[in-house]
Amino acid sequence: MLSTLILLPLVGAVVVALAPKSLSKLLGAGIAAATLVVGVVAAFSYDLDKGMQLEETYTWIEAFGVHYALGLDGLGLLMVLLTVALVPLVLAAEWFTADDPEGGGARAFVAWTLALEGLSLAVFCATDVFLFYVVFEATLIPAYFLVGGFGRAGRGAAATKFLMFQLAGGLVLLASVIGLYVVSAEQGEPSYLLSDLAALDISTDAGRWLFIGFFVAFAVKAPLFPVHTWLADTTEKATPGTSVLLVCVLDKIGTFGMLRFCLGIFPEASEWATPVVITLALISIVYGALVAIGQDDVLRLIGLTSLSHFGFIVLGIFAMSSQGGTGAILYMVNHGIGTAALFLVAGYVYHRRGTTLISEMGGIEKATPVLAGLFLVAGLATLGLPGLSPFVSEFLVLLSAFDYAWYVGAIAVTGIVLAAMYVLWMYQRTFTGPTPAAVEGTADVDAREIGAVAPLMLALVLFGFYPAPLLDVANPFTESLLAHVGVEDEAPDVPPSDETHAETEGDH
Amino acid sequence: MPEFTKPDLEYFELLPLFIVFGAACVGVLVEAFLPRESRRLPQVLVTLLGLVGALVATVWVAADIVVHDDGAARGVVGAEGSVVVDGPSLYLWGLILVFGILGTGLFAERRLEGGLSAFAGQAAALPGTEAERQASAKGLDHTEVYPLLLFAIGGMLLFPASGDLLTMFVALEVLSLPLYLLCGLARRRRLLSQEAALKYFLLGAFSSGFFLYGAALVYGYAGTVSLAGIDQAVRAGTADHGLLLAGIALLAVGLLFKVGAAPFQAWTPDVYQGAPTAVTAFMSAATKAAAFGAVLRLFYVAFDAERWSWQPMLAVVAVITMLLGGALAIVQTDVKRMLAYSAVAHTGFLLTGVIGAQGAGDLAEGQYSSLEGVLFYLTTYGFASVGAFALVTLVRDAGGEATGFGAWTGLGKRSPVVAGVFAFFLLSMAGIPLTAGFVGKWAVFTSAMSAGFWPVVLVAIASSIIAVYFYIRHIQLMFFTAPEPDGTAAVSEASLLTVGTVAVCLAATVVLGVVPGPVLTLVERAGDFIR
């Protein structure tokens with residue numbers, strides 16, 4: 001099942017690359033849709049209470065103790081679903097812009113996108129650290145060609161910067177992966193299986209060093225202050241569709257990795273590092289939001305808001321409580337949906353106005369009311385308006401932050417205030433104001449464009465009012481993870497999921 | 001006076017050597033007796049037959065060797081102790097012969113130069129003279145390159161299999177002298193080529209001197225030149241330890257020069273750039289394999305008991321080599337020079353693997369040894385390197401191969417396949433997963449880490465990051481940079497010889513990256529050196 005899920009888009013990418021150019025987009029859409037179907041089927045055969053399932057394990061490189069091992073748990077399932085859902089939407093949103101004569105052509109765009117999808121799915125399903133590392137690094141190549149081949153002038157340099165940051169992080173991770181082999185070999189037969197590694201008795205010092213390697217790589221990926229500088233450049237130059245794939249899917253690997261590997265293999269070191277990590281997360285939250293306020297480029301602005309959001313996710317993860325863990329996982333999903341919507345709608349605006357500079361926009365609201373509405377909803381989701389899904393996760397994370405220490409919660413809350421500023425101010429400058437003559441008569445969004453973002457909007461509202469499906473998947477994972485780390489919640493008065501329900505429903 | 005006894009030769013186990021040297025002699029005879037115009041085809045055939053025959057013989061021998069008497073390794077000590085045919089030797093023989101066959105393909109390519117080979121029409125004609133023009137107009141060709149190639153390969157086969165220091169020295173010379181000549185035979189930019197040959201020869205001769213001096217000192221210490229004898233003497237710990245250390249250092253200089261390690265790397269960029277690219281392609285892969293084979297045998301067999309004194313030395317050399325290679329590659333503006341400095345960096349990575357030597361008892365069950373890691377790395381790097389240089393021969397403008405970065409701008413748009421494959425080889429050298437290079441890198445770094453050399457591994461990681469930068473920059477140049485207005489190169493149509501070579505290298509790089517298992521098993525089965 002999982003192999004099919006991964007191989008379908010990968011083989012699809014090769015097929016698209018070999019097929020005639022006129023068929024590229026249709027084939028790509030078909031393959032992406034088929035992958036979505038496989039993903040949904042996998043979700044239906046998933047049993048909520050069984051932990052890791054749908055497992056496949058084959059020996060891959062015997063000499064290194066490496067397995068081709070796949071499996072799905074709650075966290076992996078949510079990420080897989082997010083990925084398979086976003087890719088068809090991205091293809092739909094970029095349907096015509098992929099043909100841009102300046103870019104590398106629709107065939108290349110579709111093929112690289114599918115390759116990225118397949119490899120990302122492999123990342124989320126891998127239960128062998130070596131396999132994870134291999135696909136973790138391999139995702140960078142399609143991402144590099146997507147950034148470098150499509151988008152605006154200066155993208156070549158942006159792509160190189162992106163790749164350098166990611167590969168540097170990846171190589172630091174390599175050191176730790178190698179270290180794990182050494183530790184594993186010292187304690188008997190070397191093996192990279194996650195289940196074997198979690199059972200290893202790693203000495204405190206070694207565990208901390210190895211943890212640092214893992215954490216640095218994931219911090220670059222996520223991104224976290226101070227290794228975030230590639231983010232804004234990349235989202236500014238890449239097409240909005242590519243940015244969705246990067247920020248909403250690929251970057252999730254960072255926080256995914258922190259949950260699965262940092263906490264899963266190095267529980268002691270994770271707790272040890274908590275103060276530093278939470279400080280970095282808080283800096284990311286506030287700094288990202290402040291810098292976002294000052295941006296004049298709408299795509300850059302959205303990229304930087306993600307820095308702030310990833311700060312929240314990391315905060316939730318390292319607050320080490322069940323609200324925090326579940327909140328972070330939910331946040332990953334909701335951020336994926338909300339930011340994807342924002343990027344895609346911003347892309348629509350860009351194609352109508354021919355500029356991404358906020359100062360040169362303005363006044364398009366009257367000509368394109370539906371577009372403006374979509375943008376506003378996506379923006380409100382980003383700032384965490386109650387009733388839209390990001391609110392639920394933000395709330396959970398803040399709860400855990402206050403639990404951790406009141407000042408941590410207090411600093412994190414400022415991120416929400418700042419988010420309201422950057423979103424609303426951006427909306428005001430982009431859409432409202434007197435309608436310039438050049439803008440009158442601009443076509444509003446057409447059916448295809450609405451179709452590409454409608455599922456995202458629906459999901460934002462649905463999960464805003466009824467987050468139970470997400471919570472049901474995330475909670476068992478968080479519980480078993482925290483049990484592994486050895487942390488217990490400080491006697492909660494009300495079970496966390498009920499509490500959220502009450503909050504959410506009270507607000508609308 | 002002792003009675004003369006006829007040496008007893010293991011003809012079967014030494015068959016690959018006999019075939020290669022025999023083919024080389026036949027090549028010389030062909031050169032002597034056939035008329036000039038009709039030499040090429042017979043020469044190519046003799047070379048290919050010789051190499052393929054030797055490869056078959058190698059496989060045959062490998063299938064047949066049995067455990068040597070002490071039980072730790074398989075193979076035989078042949079030719080009165082001077083040639084050791086054991087697992088690692090046979091693996092390296094196979095590897096070198098494959099690179100030789102690929103190299104022959106590149107040597108024989110004639111379509112790129114409009115029906116002429118890449119070698120000078122008449123090497124003795126001074127560049128820019130009437131004689132040179134005549135040679136060129138008559139379409140002359142130096143077919144001597146084929147026997148030279150065979151002699152070089154013969155030396156390379158002997159080098160890692162030598163059982164004593166003298167054989168090792170002879171092998172070193174046999175492999176080097178033909179290479180010096182081949183480097184000077186480029187058809188285009190002949191002054192550069194001749195300069196490269198002279199530089200290579202002078203420095204090479206100098207380093208051979210170091211090697212000999214070292215051999216003499218070690219003989220003074222151990223009273224024997226056989227590696228097994230030296231091993232016993234070192235274990236016994238005879239007096240004059242200083243003599244041994246000086247000997248090790250001098251021998252290391254000779255070998256490190258051949259592999260292009262810092263501070264003896266200075267020849268690498270000039271020679272790689274000046275030599276005909278076909279020679280560079282062959283040399284970069286095969287010389288490295290042979291020389292590292294010799295390094296491994298010398299240090300692992302003869303000086304095994306002295307590990308604690310040479311491991312730190314090689315660690316320092318590895319660190320300097322990696323950093324220097326990576327840093328200098330960044331400032332290059334010529335593809336061949338960039339690849340040359342990248343070769344230097346890879347030497348550093350290989351040395352990182354060499355220092356990972358551990359006693360047999362220190363390894364966990366199922367853990368692979370540093371020897372296996374280095375052998376695998378040589379395989380992965382060799383294929384990527386041959387492939388990359390082979391592609392360099394295709395990118396041409398009016399003046400022949402265009403190796404300046406400017407000419408490569410925007411190549412991805414004009415010839416996506418060539419640029420894509422070249423990018424793939426670069427990614428493999430950079431060690432990106434799902435390419436062969438990654439598995440190789442992983443293997444050598446793990447050995448060093450297991451042996452406790454984690455600082456070296458951290459430096460290796462840092463220099464990998466540096467190396468990634470210049471590889472990626474070149475990919476950006478090919479795919480995302482607008483073509484320079486003043487002349488860019490195009491991809492010339494090549495014959496099946498070059499295309500086939502590239503295809504084999506590409507296939508190897510993909511397969512070794514995705515399913516390295518079978519080759520790793522092969523390396524594992526090669527086992528240890530005979531001590």
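Residues numbered from 1 in each chain as written. Chains lettered and ligands numbered in written order. Predicted model: local features only at pLDDT ≥ 70, side-chain atom pairs only at ≥ 80, totals over all residues.

A look at the overall build of chain A
Within chain A one finds 21 helices and two strands. Counting only C-alpha atoms and orienting by the principal axes, one finds that chain A spans roughly 75 × 55 × 40 Å. Burial status across chain A gives 61% buried among its 508 residues. Across chain A, contacts joining residues at least 24 apart in sequence account for 81% of those joining residues at least 6 apart. (Helix = DSSP H or I, 4+ residues; strand = E, 2+ residues; numbered from the N terminus. Buried ≥ 20, exposed ≤ 12 C-beta atoms within 10 Å, placed from the backbone. Contact = placed C-beta atoms within 7 Å.)

Topic: helix α17 (residues 416-430) of chain B
Residue and element names in this part refer to chain B. Look at α17: 20 Å from first C-alpha to last across 15 residues, which is about the 21 Å you get at 1.5 Å a residue. In terms of residue burial, α17 counts as a mostly covered element, since twelve of its 15 residues are buried. Within α17, the full set of buried residues consists of V418, A419, V421, F422, A423, F424, F425, L426, L427, S428, M429 and A430. In the segment just after α17, G431 is the residue with positive phi, at about 80 degrees. (Expected span 1.5 Å × (residues − 1).)

A few points about the sheet that holds strand β4 (residues 400-401) of chain B
Residue and element names in this part refer to chain B. The three strands are arranged β4-β3-β5 in an open sheet whose pairing can be described as antiparallel. The open sheet terminates on both sides in strands that have one partner only, identified here as β4 and β5 (490-491). Two elements, strand β3 (residues 395-397) and β4, share two bridges in a ladder whose sense is antiparallel. Looking at β4, one finds that R396 is bridged to E401. (Pairing = 2+ DSSP bridges.)

Thoughts on the pairing of strand β1 (residues 53-61) of chain A
Residue and element names in this part refer to chain A. Bridging between β1 and strand β2 (residues 66-72) involves six bridges; their strand directions are antiparallel. Its bridge partner lying in β2, E56 is registered against L70. With antiparallel pairing between neighbouring strands as the criterion, β1 and β2 make up a hairpin whose turn holds four residues, including G65 at a positive phi of roughly 65 degrees.

What about the environment of H351 of chain A?
Residues and elements named next belong to chain A. Position of H351 relative to the elements: it lies in helix α15 (residues 322-353). For H351, a count of 13 C-beta atoms within 10 Å puts it in the partly exposed group. Linking H351 and T97, residues 254 residues apart in sequence, is a C-alpha distance of 8.5 Å.

Some remarks on the interface of chain B and chain A
Chain B puts 30 residues into the contact, and the matching count from chain A is 31 residues. Listing elements by their share of the side of chain B that touches chain A, those giving two or more residues are α18 (436-450), α19 (454-480) and α21 (517-526) of chain B. Of all the elements, α19 of chain B adds the most residues to the side of chain B that touches chain A, at twelve residues. Broken down by class, the residue content of the side of chain B that touches chain A amounts to 19 nonpolar, eight polar and three charged. (Nonpolar A, V, L, I, M, F, W, Y, C, P; charged D, E, K, R; others polar.)

Quick notes on unusual backbone geometry
Following A222 of chain A, the chain continues into P223 of chain A via a peptide bond in cis, with omega recorded as -10 degrees. Along the polypeptide, P223 of chain A turns up in the loop between α9 (204-221) and α10 (229-237). Residue P263 of chain B is reached from A262 of chain B by a cis peptide bond, and omega for that bond is 0 degrees. On the secondary structure map, P263 of chain B appears in the loop between α9 (241-259) and α10 (267-274). For L54 of chain A, which is not glycine, the phi torsion reads 55 degrees and is therefore positive. The class of L54 of chain A is buried, set by 20 C-beta atoms lying within 10 Å. The phi dihedral of R189 of chain B is positive, around 45 degrees, even though this residue is not glycine. Here R189 of chain B lies in the loop between α6 (165-183) and α7 (190-222).

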